Amino acid sequence: MILRFITSNEHKYEEISQYLKERGIECQWIRMKYEEIQDDTTEAISLASAQYLRGKVEEPFFLEDTGLYIKELRGFPGPYSSYVLRTIGNEGILSLLKGRERDAVFKTVISYCENGNISQFTGILKGRIGEYERGSSGFGFDPIFIPEGSEK
C-alpha cells in the first residue's frame, strides 16, 4: 500500500517519509498547497482540509496540522503557529517569554482519508522553550523547542 501525504512543506515530507520508510511503508508526496481555514483548534483545521481534499486526491491520503502551544501564553501561538513563525519568528517567541515560564507542547493532528471516511489521530510532544536558538538542523520552532527528557 502507498500512503499519500499531502503537504507543501518539504521538511515535513522528509521527516514523515523517513519515519514510514523505517517501518516498511511507502510514502508518496503530493506536493500541494490548499486553502486552510482559520480556527482555534488544530483538529478543526486538519479535518476541514481533509474534507476539502476528499474526492480531489486519490485515496488513501493523509495530511496534518501542527501547533505549538505555550502554557504561559495561554496556548499561543497554537493553530496560528505558521503565521507567528513567518511574522515574529523564533526570536519573537523568545522575546515574549523573557522572565516567564517556558512549558510548551507541540500538538499534531493527522487526518487520514480512505474510502471517503476520515479518521483523526492526535499526538502531543511535551517540552519547553529554550532560552535561545540552538542546533544546526530542523526547521520551524525546532531551534527553540526542547522535548521533555532532552537537553537538545
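Residue indices follow the written sequence of each chain, beginning from 1 at its first position. Local features in this predicted model are restricted to residues whose pLDDT is 70 or higher, and side-chain atom pairs enter the listing and the counts only when it is 80 or higher, whereas totals over whole chains, interfaces and linings include all residues. For side-chain calculations, the full set of non-hydrogen atoms in the structure is used, while hydrogens and water are omitted.

Colleague: Outline a nonpolar patch on the surface, supporting the account with residue identities and numerical values.
Modeller: Two joining distances apply to patches: 9 Å for like charges and 5 Å for nonpolar side chains (Val, Leu, Ile, Met, Phe, Trp, Tyr), and every residue must have over 30% relative accessible area and no salt bridge. Here the accessible surface of atoms and residues is derived via Shrake-Rupley with a 1.4 Å probe, and residues count as covered only by protein chains that are part of the display. The salt bridge definition used is simple: a Lys or Arg side-chain nitrogen within 4 Å of an Asp or Glu carboxyl oxygen. Taken together, the side chains of Phe76, Ile88 and Leu96 define a hydrophobic patch exposed on the protein surface, amounting to about 230 Å² of accessible area. In this text, helices come from DSSP runs of H or I with a minimum length of four residues, and strands from runs of E with a minimum of two, each type numbered from the N-terminal end. Summarising the element assignment, leucine 96 is placed in helix 4 (residues 89-96).

Colleague: Run through the side chain of serine 81, naming residues and quoting values.
Modeller: You can see serine 81 is positioned in helix 3 (residues 81-87). Buried, partly exposed and exposed residues are distinguished by accessible area as a fraction of the type maximum, computed with a 1.4 Å probe on protein chains only: under 20%, between the cut-offs, and over 50%, respectively. Classification of serine 81 by relative accessible area gives buried; the value is 5%. As used in this structure description, the phrase polar contact means that two N or O atoms lie within 3.5 Å; if the pair is within protein, one of them must be able to donate a hydrogen and the other to accept it, and residues adjacent in sequence are counted only when both atoms belong to side chains. Separated by 2.9 Å, the side chain of serine 81 and the backbone nitrogen of leucine 68 make a polar contact. By definition, residues are in contact when any of their heavy atoms lie within 4.5 Å. When neighbours within four sequence positions are excluded, serine 81 is seen to be in contact with Thr66, Gly67, Leu68 and Phe141.

Colleague: Go over the pairing of strand 1 (residues 2-7) with me, naming the residues and quoting the values.
Modeller: In terms of burial, strand 1 is a largely internal element, 5 of the 6 residues being buried. Paired strands, as defined in this entry, are two strands with at least two bridges between them according to DSSP. Judged from the 6 bridges that link them, strand 1 and strand 2 (residues 26-31) form a sheet pairing that is parallel. In the strand pairing of strand 2, leucine 3 is matched with cysteine 27. Consider the strands pointing away from the viewer: the crossover is right-handed when the path from the first strand over the helix to the second runs clockwise. You can see the chain leave strand 1, run along helix 1 (residues 10-21) and come back into strand 2, and the turn it takes is right-handed. In terms of strand pairing, strand 1 meets strand 3 (residues 61-70) through 2 bridges, oriented parallel. Its bridge partner lying in strand 3, phenylalanine 5 is registered against phenylalanine 62.

Colleague: Which residues make up the environment of glycine 149, and what values go with them?
Modeller: Its location among the elements puts glycine 149 in the segment after strand 7 (145-147). Judged by its relative accessible area of 88%, glycine 149 falls in the exposed class. Sequence-wise, glycine 149 and serine 137 are 12 residues apart; in three dimensions their C-alpha atoms are separated by 19 Å.

Colleague: Outline the pattern of salt bridges, supporting the account with residue identities and numerical values.
Modeller: Here the structure, examined in full by the defined rule, presents 7 salt bridges. Here glutamate 72 ties to arginine 100 by a salt bridge, and the two come within 3.5 Å at their closest N and O atoms. Within this pair, whereas glutamate 72 is found in the loop between strand 3 and strand 4 (77-78), its partner arginine 100 is found in the loop between helix 4 and strand 5 (103-114), the two being separated by 28 residues in sequence. Put simply, arginine 102 and glutamate 131 hold a salt bridge, and the shortest N to O gap is 3.5 Å. Of this pair, arginine 102 sits in the loop between helix 4 and strand 5 while glutamate 131 sits in the loop between strand 6 (117-129) and strand 7, and the two are 29 residues apart along the sequence.

Colleague: How would you summarise helix 2 (residues 42-53) if you had to cite specific residues and measurements?
Modeller: Over its 12 residues, helix 2 runs 17 Å from end to end, which matches the ideal 16 Å to within 8%, given 1.5 Å per residue. Buried residues of helix 2: Thr42, Ile45, Ser46, Ser49, Ala50 and Leu53, and no others. Within helix 2, the buried residues cover an arc of 130 degrees as seen down the axis, which keeps them to one side. Close packing links the buried residues of helix 2 with strand 1, strand 3, strand 5 and strand 6. At the exit of helix 2 stands glycine 55, carrying a positive phi of roughly 90 degrees. In this scheme, a helix's expected span is set at 1.5 Å multiplied by one less than its residue total. Comment: arc refers to directions from the helix axis out to C-beta atoms.

Colleague: Pulling in residues and values, what's your account of unusual backbone geometry?
Modeller: For residues besides glycine, phi is generally negative; the peptide bonds are generally trans as well. Cis geometry is adopted by the peptide bond preceding proline 60, which originates at glutamate 59 and carries an omega value of 0 degrees. Backbone torsion omega between phenylalanine 76 and proline 77 reads 5 degrees, so that peptide bond is classified as cis. You can see proline 77 is positioned in strand 4. The backbone of arginine 74 sits at a positive phi, close to 55 degrees, despite the residue not being glycine. Positioned with a positive phi, asparagine 115 is a non-glycine residue whose angle comes to about 55 degrees.

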